[in-house]
Amino acid sequence: DIMFERHAGIVKRLCLDAPALMPVLLDGLIWRSRITENGQRRVNYYIKHLMVDSHGDFNKTIEWVTDNSDPKLVCHPILSIVTDMIWGRVAFRTFLYGKAW
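Residues numbered from 1 in each chain as written. Predicted model: local features only at pLDDT ≥ 70, side-chain atom pairs only at ≥ 80, totals over all residues. Heavy atoms only, no water.

Student: Help me get a handle on the packing of helix α2 (residues 10–17) against helix α5 (residues 61–68), residues and values and all.
Tutor: With their axes 9 Å apart at the nearest point, α2 and α5 run at an angle of 5 degrees to one another. Comparing their axes, α5 and α2 come out roughly parallel. Seen from α2, the contacting residues are V11, K12 and C15; seen from α5, they are T61, W64, V65 and N68. Considering only residue class, the contact of α2 with α5 consists of four nonpolar, two polar and one charged. (Axes fitted to C-alpha atoms, helices over the stretch in contact; angles between N-to-C directions. Helix = DSSP H or I, 4+ residues; strand = E, 2+ residues; numbered from the N terminus. Parallel < 35°, antiparallel > 145°, perpendicular 65-115°, else oblique. Contact = heavy atoms within 4.5 Å. Nonpolar A, V, L, I, M, F, W, Y, C, P; charged D, E, K, R; others polar.)

Rendered as structure tokens:
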């Protein structure tokens, strides 16, 4: 939370100046438990600041990543979850509503 509050444009800056560090940042937003239960491991994805900015509006993370044109980065699990959540919960309904009329 503190990093994204202090450096709101960190994703944009890394995409522009240090794209090799983007997977490192995104990997740091994943926590995997060391304990397994029934062959499964608990995983937490910290995606709040990738979806919503400090003003409560949509963050431009997906726009910055797609402008970077790196297919390996777009396939990262964190970005897949963010895009799936935005499409499935917000954009899909708006898209269908626009196509219906």
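There is more to say after this.
Student: Run through the packing of α5 against helix α7 (residues 77–100), naming residues and quoting values.
Tutor: Packing of α5 against α7 brings their axes to within 11 Å, and their N-to-C directions diverge by 125 degrees. On the basis of the axis angle, α5 is oblique to α7. For the crossing formed where α5 meets α7, the hand is left-handed. Contacts between α5 and α7 involve T61, I62 and V65 from the former and L79, V82 and T83 from the latter. Residue composition of the contact of α5 with α7, by class: four nonpolar, two polar and no charged. (Left-handed = near helix turned anticlockwise from the far one by under 90°.)

Purely spatial values, then, with no claim about function.
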